[in-house]
Amino acid sequence: MKKNLAVCSGIAVLVAICVSMSVYAQDDMMTLEHDIFVDRQRPAVLFPHMLHADELGIDCLDCHHVYDATGENVWDDSEESDCTACHKLEADGKTMPAMKAFHTNCQGCHKEEGKGSVTCGECHPRTKQAPKETH
Ligand code: HEC
Ligand code: HEC
Ligand code: HEC
Ligand code: HEC
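Residues numbered from 1 in each chain as written. Chains lettered and ligands numbered in written order. Predicted model: local features only at pLDDT ≥ 70, side-chain atom pairs only at ≥ 80, totals over all residues.

## Quick look at the overall build of the chain
We apply this condition: Per the convention used, a helix needs a DSSP run of H or I reaching at least four residues, while a strand needs a run of E reaching at least two, with both numbered from the N terminus. Two residues qualify as being in contact provided that their C-beta atoms, derived from the backbone, are within 7 Å of each other.
Secondary structure summary: the chain contains four helices and three strands in total. When contacts within the chain are restricted to residue pairs at least 6 apart in sequence, long-range pairs at least 24 apart make up 39% of them.

## Here we look at the site of ligand 1
Rules: We call a residue near a molecule or strand when the C-beta position, derived from backbone atoms, sits within 6 Å of it. Gly is placed with the polar residues, together with every amino acid not listed as nonpolar (Ala, Val, Leu, Ile, Met, Phe, Trp, Tyr, Cys and Pro) or charged (Asp, Glu, Lys and Arg).
Close to ligand 1 lie 22 residues, the nearest being Leu 32, Arg 42, Cys 106, Cys 120 and Cys 123. Secondary structure elements with two or more residues in the shell around ligand 1: helix H3 (98-113) and helix H4 (120-123). Per-element accounting of the shell around ligand 1 gives the leading share, six residues, to H3. Within the shell around ligand 1, the residues separate by chemical class into ten nonpolar, eight polar and four charged.

## A look at H3
Our working rule: Expected span, for any helix, means 1.5 Å times one less than how many residues it has.
The end-to-end C-alpha distance of H3 is 22 Å, a good match for the 22 Å that 16 residues give at a rise of 1.5 Å each. Directly after H3, the chain includes Gly 114, whose backbone phi takes a positive value near 65°.

## Re the environment of Asp 35
Rules: Note on burial: count the other C-beta atoms lying within 10 Å of the residue's C-beta; 20 or more is buried, 12 or fewer is exposed, in between is partly exposed, and C-beta positions come from the backbone.
Turning to its location among the elements, Asp 35 is positioned in the loop between strand E1 (29-32) and strand E2 (45-48). Residue classification places Asp 35 among the exposed residues on the basis of 9 C-beta atoms within 10 Å. Distance in space between the C-alpha atoms of Asp 35 and Thr 84 is 9.1 Å, their sequence separation being 49 residues.

## Things to note about the site of ligand 3
Looking at ligand 3, there are 16 residues lining it, with Cys 83, Cys 86, Met 96, Ala 101 and Thr 104 nearest. Partitioning the shell around ligand 3 into residue classes produces nine nonpolar, six polar and one charged.

## Details of the environment of Cys 83
You can see Cys 83 is positioned in the loop between helix H2 (49-55) and H3. Each C-alpha atom of the pair Cys 83 and Cys 63 lies 9.4 Å from the other, and the pair is 20 residues apart in sequence. In this view, Cys 83 contacts Ala 98, Ala 101 and Phe 102; residues no more than four positions away in its chain are not counted.

## Comments concerning the environment of Pro 125
In this fold, Pro 125 is placed in the loop between H4 and strand E3 (133-134). C-beta crowding within 10 Å serves as the criterion here: with 15 such atoms nearby, Pro 125 is assigned to the partly exposed category. Beyond its immediate stretch of four places on either side in the chain, Pro 125 contacts Pro 43 and Leu 46.

## Looking at the confidence of the model for the chain
Low-pLDDT stretches of the model should not have their predicted coordinates read in fine detail. The line we're drawing: A residue's pLDDT is simply how confident the predictor is in it, with values from 0 to 100.
Looking at the chain as a whole, the pLDDT averages 84, with 75% of positions reaching at least 70. Of all the helices and strands in the chain, helix H1 (residues 2-28) carries the lowest mean pLDDT, 52, while H3 carries the highest, 98. Low pLDDT, under 50, characterises residues 13-23; the stretch is placed with zero contacts to residues that sit more than four places away or in other chains.

Below you can see the structure in the form of structure tokens.
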């Protein structure tokens, strides 16, 4: 009986941890579904922004940029954050097209680090979670 109780309280703790983790993940999740992709071929991308910026401690400037005339990245959080404000559907000869920009940024780092999603279905999951924000 005592043993059962210990097992049960162990399970209760685990359940509590799992629930709080999924609540955090849910709150954190950004849905990337830019409307420039008029004929979408893949489901929207779920992107845990805080996981990257806070927990993994990746510099904002690793992903966000606004280049000044000298080519320096002068981005701060008052600047443009929507990637598709600059990266368009088609190549314009100056700025990398949007899909390539996303894939270079996201997959590029995951491959380099040997961590994070690299297959299509991991980033473009078929079953969507309820999105908190839509981008
Ligand atoms: C590391 C994450 C990641 C991986 C892996 C990835 N993508 Fe993407 N992909 C993105 C992001 C982010 C966007 C931009 C989504 C948006 O805002 O709509 C995108 C956009 C796209 C788009 C343009 C939007 C659309 O649906 O038409 C296509 C097509 C696409 N990806 C196909 C693929 C294919 C095929 C693979 C596997 C070979 C793949 N992606 C792997 C992150 C990823
Ligand atoms: C791993 C890449 C990455 C890192 C690191 C990152 N961001 Fe982002 N951030 C994004 C992407 C992708 C979007 C969505 C852009 C879009 O919709 O086109 C975004 C969106 C945003 C937005 C606007 C969307 C919103 O509603 O929140 C802000 C503000 C922002 N980021 C600030 C920051 C700050 C500040 C940091 C550093 C503390 C940071 N980001 C770190 C990739 C990143
Ligand atoms: C204010 C305009 C602007 C915004 C917003 C912007 N970019 Fe860019 N981006 C550029 C320019 C200009 C270049 C340099 C020319 C090129 O390679 O396309 C560039 C280059 C890139 C490159 C090539 C490598 C590099 O870093 O130079 C990637 C990848 C990229 N952007 C991804 C993103 C992602 C992801 C976002 C959103 C989080 C974003 N960009 C937001 C203008 C922008
Ligand atoms: C500079 C590096 C870097 C960039 C850029 C980056 N990621 Fe990641 N990402 C990581 C790392 C490292 C992990 C692994 C975290 C872990 O497993 O501990 C990860 C994990 C993930 C995961 C899995 C999260 C989980 O709960 O296991 C997703 C989904 C993801 N990234 C999506 C994206 C998307 C979408 C983009 C582009 C908008 C992106 N990442 C850009 C470094 C990056």
